Amino acid sequence: TKLNSSQNLYLGACWVNSNRRRNVASENGNQSAFNDTQSGAIWRAGYLKNIDDRSQVFANISQSFEAAPFSEAENSVSPQKALTYEIGTRFEYQWFGTHLTIYYADVTDEFIDEEIAPNSGRYKVTNEDTTHRGIEAFISLNLTEAFSAQTDYTLSFDQSYQLNDFEFNGGAYKGKQIPGISKHVYAGRLRLTAPENQWHASISADWLPDGLVADNANTLTTDGYVSWRIAAEYQLTDTLSIYGGIDNLFDDKYASTVTVNPSSDSYINPADGRALYLGARMQWL
């Protein structure tokens, strides 16, 4: 709904009904079956105001619903619901642009994946109430314009930051951080682009200063790390380009993911080492 030339109101709602049926007959003659239905509402209300041609502010409140995974429907896993609030702004002016969002989500019966036992390869899903709050920020700088450089090349510097403050609201892990998600995540990229986008090259970095929490009790954590990469692409014709790059440029050793077990025997999985890739891209539209 357009309130006036600079303000908009967004409203939406729907109903989700999820029904799963399964009949299983094993080789030894055992049979199992279930018929499960989970349903709930999804709705959203949002407000957007254009302050001027370069900036706007917004606010949203939304209710989400997700039925239990099909593999867990017979294990009394409740659907996951969340009520989320967010406010933010977008601003662009000449060589500077930024997006900022602050959010808070009250999650009921969040799906928590755990391996049944260390090295079992089997997993279960349980429900826990959680809180997700955080910040998502992005800044884009056109350094060529910022320094009034007399060149047709464009040097840009893009940065993003995430604050992921996710914790359990109840149960044995009340107040503990949800594992597998780094609390602070920073990414930056410096990119040089030739006139008419003939080619571009960049160097970028991902920085997780706190590493990862590896278990629900927060007794095991990994070290923080910085991972660098370089990339480039050259436009050979209007339809053909070649590209390449190196991931994990300095072949750093760090933990990229974790596997959470009910006990403290969580697994810390190493990241890939230095990797070189080359390719070609064709497009006609």
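Since this is a predicted model, take the numbers as computed values, not measurements.

Regarding a nonpolar patch on the surface
Step number 1: A cluster of nonpolar side chains, namely L190, I203, W207, V226, W228 and F250, defines an oily patch on the protein surface of about 520 Å² accessible area.
Step number 2: Elements with a minimum of two residues in the nonpolar patch: β10 (199-208) and β11 (225-235).
Step number 3: Its place among the elements puts F250 in the loop between β12 (240-247) and β13 (255-259).

Focus: the pairing of β12
Step number 1: Relative to β12, β11 runs antiparallel, the two being bridged by six bridges. Its bridge partner lying in β12, A232 is registered against G244.
Step number 2: As defined by bridge partners, β12 adjoins strand β15 (residues 275-282) across eight bridges and the pair is classed as antiparallel. When the sheet's bridge partners are listed, L240 is paired in β15 with M282.

Comments concerning the nonpolar core
Step number 1: Ranked by size, the top nonpolar core spans eight residues in total: L208, L212, A214, Y225, Y254, V258, V260 and A271.
Step number 2: Beyond its immediate chain neighbours, meaning those up to four positions away, Y254 contacts Y225, S227, N248, N269, P270 and A271.
Step number 3: If you look at the next biggest cluster of nonpolar residues, it comprises five residues, including Y103, I112, F168 and I178.

A short note on the pattern of salt bridges
Step number 1: Taken as a whole, this structure holds seven salt bridges when the rule is applied.
Step number 2: The closest approach of N and O atoms between E167 and R133, which form a salt bridge, is 3.2 Å. Of the two residues, E167 is situated in strand β8 (residues 154-168) and R133 in strand β7 (residues 123-142); the sequence distance between them amounts to 34 residues.
Step number 3: Of the charged contacts in the structure, one is a salt bridge between D247 and R229, with a shortest N-O distance of 3.7 Å. In this pair, D247 is assigned in strand β12 and R229 in strand β11, connecting sequence segments 18 residues apart.
Step number 4: What you see here is one network of salt bridges that share partners, running through R133, D165 and E167.

Conventions adopted
Residues numbered from 1 in each chain as written. Predicted model: local features only at pLDDT ≥ 70, side-chain atom pairs only at ≥ 80, totals over all residues. Heavy atoms only, no water. Patch = residues over 30% accessible without salt bridge, like charges linked within 9 Å, V, L, I, M, F, W, Y side chains within 5 Å. Areas by Shrake-Rupley, 256 points an atom, 1.4 Å probe, with all protein chains shown as cover. Salt bridge = Lys/Arg side-chain N within 4 Å of Asp/Glu carboxyl O. Helix = DSSP H or I, 4+ residues; strand = E, 2+ residues; numbered from the N terminus. Pairing = 2+ DSSP bridges. Core = buried A, V, L, I, M, F, W, Y, C linked by side-chain atoms within 4.5 Å. Buried < 20%, exposed > 50% of the residue type's maximum accessible area, 1.4 Å probe, protein only. Contact = heavy atoms within 4.5 Å.

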